[in-house]
Amino acid sequence: MEMQLPDVLMRHIFSFLDAASLLRAGQVSRYWKNIADEEHLWRNLCQRRWSISWEGLQVPSWKQLFLTQARRERCMMGAQPQDFAYREATGGLGILGPLAYFSGSDPSMSGQKPVICTVSSRYMLYAWDVQEGVMIWSSPVQQCKIKCLATLPQRSLAVTVDAWNTIKVWNCRDVNPLATLTMTTCCLSLEVFLTDDGPFLMIGDYEGDIYTLTVPELNSISQVNAFEYPVDHLHCSPNRKWIFAYGTHQHVLPKVFLMESLLRPAVGRAPLFVSLPFAFCSQACWALKCINRLTIMFQRDVFRRTGFTTFDLTAESTGDSTVIEAREIASFMLPGGMDVPVWMGVQDGTTVVFESGPRLFLFTIHGLLLKEFHDHENTICYLWTDSVHVLTTSRDNYLHLYMWEEEGWHPRLQSCCHLEHRKGDIRPSCYDPIAICDNTSIVCVVSKCGGASVLVMYSLNM
């Protein structure tokens, strides 16, 4: 132990350690501790654990950030219903639509309170302080229904599209939006994301076109035709290198575009993309912890059997040309007789999680069943995933929290906590309840028969 390897070699060796091993290594000697405490090692651990965009972030201590968030995850994993503070918002909200975190949801934003956005049938956009359970802002009543919502928590921005196809960018502080743009076509999907060059917005429309705009200015960058049919879904990869586009029409083969060719369009050149040979694509997810990996869920044959296929995307440049390739690395079909899944999620790229009836399944991407959960009595109607959590909801008045455990060859999913949608309210839901969460809170929209929507907020007592 008295022999000291060169610093560069030690840093390279330590870069393969997990957090627990890095902490133990720091106890060997003062020299080892200085290496083990270096910020870039802990920054890499944070990136691997939470798969978050870190552009422009100023974090005082990556080590402290990792240890704080890991402690919160352990508390959440072991939490029981009585460990949460329960709050709900009712009265005059109308029917609430999609939920999205506006700020404070990423571990890198540990100093900010979690704030969520939601839209209402009353033509309004709301922002809520989750820990306090109070509304902190609402937009003026809009002229028509808001049909799409996306947020960029790193910049505390929200983007909406209404029934008149007007795009608006909000900071959820001012009465008026930061920018407004009315499209001449019907907008169906939107994706907002942050790159090294700043934030951008992509819009998929009814004519099959994809528009790329700056945020918040909403200046046009490019317009490309993806299909002859509507672009119903857009998904940006975690590394912001790819954009996946697909539609629900039977003749639409999904495409993966190289993001750079849309953000920096070359004069006289078509955008770079590759088509995937799977019609009837119903869902798709980028792996959060395996760069450039995509898993799609599709239906096949008259019996609507469900299959999953996983691709690795590559872009190789030779001179002035770039070749895009999607290499299929795994595929499997579900056994006959299973209820057709609606939702799916992936984490590290080796497994896929999905619902089927009242059960939740965890399979490898090659079709090996790893785990089956029976935590709901009724059909699971919504599934939400991130790099740490999996949430399911059902009309049996309950939501269930699962969390990923990173041990062994494949990540394991642990069943954690069963929570009521709304305490003491046994009325059935008239709409599918939706839910999202972070390391300290869970938020759910519940619409009971005979009443308006209720926003339920659970905050972990730390």
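S.K.: Please explain the packing of helix α4 (residues 39–50) against helix α5 (residues 62–77) as it appears in this structure.
M.R.: At a minimum axis distance of 8 Å, the contact between α4 and α5 shows a crossing angle of 35 degrees. The two elements α4 and α5 meet at a crossing, and its hand is left-handed. Of the residues in α5, those in contact with E39, W42, R43, L45, C46, R49 and W50 of α4 are W62, K63, L65, F66, L67, Q69, A70 and E73. The class makeup of the residues in the contact of α4 with α5 is nine nonpolar, one polar and five charged.

S.K.: Hey, could you run me through the packing of aromatic side chains in this one?
M.R.: What characterises a pair of aromatic rings is the spacing of the ring centres plus the angle enclosed by the ring planes. Under the counting rule described, the total for this entry stands at 19 aromatic pairs. Note on Y86 and Y458: the rings are 5.2 Å apart at their centroids and 65 degrees apart in plane angle, and the pair reads as edge-to-face. Taken together, the residues span a long stretch of sequence, with Y86 in strand β1 (residues 84–89) and Y458 in strand β32 (residues 453–460) at a distance of 372 residues. Judged by relative accessible area, which is 2%, Y458 ranks as buried. Ring pairs connect the aromatic residues F308, F332, F354, F361 and F363, which therefore count as one cluster. Geometry around F273 places K255 over its ring, the cationic atom sitting 4.4 Å from the centre.

S.K.: Can you help me understand the sheet that holds strand β21 (residues 321–333) in this one?
M.R.: In any sheet, the strands associate via hydrogen bonds between backbone groups, in a parallel or an antiparallel arrangement. Taken in spatial order, the four strands line up as β18-β19-β20-β21 in an open sheet, and their pairing is antiparallel. The open sheet has two free edges, formed respectively by β18 (281–286) and β21, since each of these has just one partner strand. Going across the sheet, the axis of each strand differs from the next one's by a mean of 25 degrees, ignoring polarity. In this sheet, strand β20 (residues 305–318) lies alongside strand β19 (residues 293–300) in antiparallel orientation, the contact comprising eight bridges. In the strand pairing of β20, T295 is matched with T310.

S.K.: It is not clear to me how the pattern of salt bridges should be interpreted in this structure. Could you clarify?
M.R.: Oppositely charged side chains are able to pair whenever their charged atoms sit close together. Per the counting criterion, the structure on display carries 12 salt bridges. Among the salt bridges present, the one from R264 reaches D197, with a minimum N-O distance of 2.1 Å. Taken together, the residues R264 in the loop between α6 (259–263) and β17 (273–275) and D197 in the loop between β10 (187–195) and β11 (198–205) connect sequence positions 67 residues apart. Accessibility expressed as a relative area gives 45% for R264, which makes it partly exposed. Across the pair R359 and E372 runs a salt bridge, and its minimum N-O distance is 2.9 Å. Of this pair, R359 sits in strand β24 (residues 359–364) while E372 sits in strand β25 (residues 369–373), and the two are 13 residues apart along the sequence.

S.K.: Mind showing me how you'd approach the sheet that holds strand β3 (residues 115–120) here?
M.R.: If you trace the four strands from one edge of the open sheet to the other, you get β2-β3-β4-β5, paired in antiparallel fashion. What marks the edges here is a single partner per strand, and that holds for β2 (96–103) and β5 (134–138). Mean inter-strand twist for the sheet, computed between neighbouring axes without regard to direction, equals 30 degrees.

S.K.: How do you make sense of the state of the cysteines when you look at a structure like this?
M.R.: Simply put, disulfide is the name for a covalent bond between the sulfur atoms of two cysteines. Under the criterion given, the structure shown has zero disulfides. There is no disulfide at C186, and the cysteine sulfur nearest it, in C187, is 6.8 Å away. Given a relative accessible area of 30%, C186 falls into the partly exposed group. C381 provides the cysteine sulfur closest to C444, a residue in no disulfide bond, and the two sulfurs are 8.8 Å apart. Residue classification places C444 among the buried positions, given a relative accessible area of 1%.

S.K.: How should a nonpolar patch on the surface be read in this particular structure?
M.R.: Among the surface-exposed residues, L5, L9 and I13 lie close enough to one another that they form a single nonpolar patch of about 210 Å² accessible area. Topologically, I13 is positioned in helix α1 (residues 7–14).

S.K.: Just to check I follow, could you spell out the environment of F84 for this structure?
M.R.: With respect to the helices and strands, F84 occurs in strand β1. Residue classification places F84 among the buried residues on the basis of a relative accessible area of 5%.

S.K.: I would appreciate a short explanation of the side chain of N439 in the present structure.
M.R.: Tracing the chain through its elements places N439 in the loop between β30 (434–437) and β31 (441–447). A polar side-chain atom of N439 sits 3.2 Å from a polar atom in the side chain of H389. Setting aside residues up to four positions removed in sequence, N439 forms contacts with W50, Q69, R72, E73, M76, V388, H389 and L460.

S.K.: Explain the pairing of β5 here, please?
M.R.: Looking along a regular strand, one sees side chains alternate from face to face of the sheet. As paired elements, strand β4 (residues 124–129) and β5 share four bridges and run antiparallel to each other. Across the sheet, residue D129 finds its bridge partner in β5, namely V134. Hairpin remark: β4 followed by β5, antiparallel, with four residues in the connecting loop; positive phi at G133, about 70 degrees.

About the thresholds
- Residues numbered from 1 in each chain as written.
- Predicted model: local features only at pLDDT ≥ 70, side-chain atom pairs only at ≥ 80, totals over all residues.
- Heavy atoms only, no water.
- Axes fitted to C-alpha atoms, helices over the stretch in contact; angles between N-to-C directions.
- Helix = DSSP H or I, 4+ residues; strand = E, 2+ residues; numbered from the N terminus.
- Left-handed = near helix turned anticlockwise from the far one by under 90°.
- Contact = heavy atoms within 4.5 Å.
- Nonpolar A, V, L, I, M, F, W, Y, C, P; charged D, E, K, R; others polar.
- Phe/Tyr/Trp six-rings, centres within 6.5 Å; stacked < 30°, edge-to-face > 60°.
- Buried < 20%, exposed > 50% of the residue type's maximum accessible area, 1.4 Å probe, protein only.
- Lys NZ or Arg CZ within 6 Å of the ring centre and 35° of its normal.
- Pairing = 2+ DSSP bridges.
- Salt bridge = Lys/Arg side-chain N within 4 Å of Asp/Glu carboxyl O.
- Disulfide = S-S within 2.5 Å.
- Patch = residues over 30% accessible without salt bridge, like charges linked within 9 Å, V, L, I, M, F, W, Y side chains within 5 Å.
- Areas by Shrake-Rupley, 256 points an atom, 1.4 Å probe, with all protein chains shown as cover.
- Polar contact = N/O pair within 3.5 Å; in protein donor to acceptor, adjacent residues only side chain to side chain.

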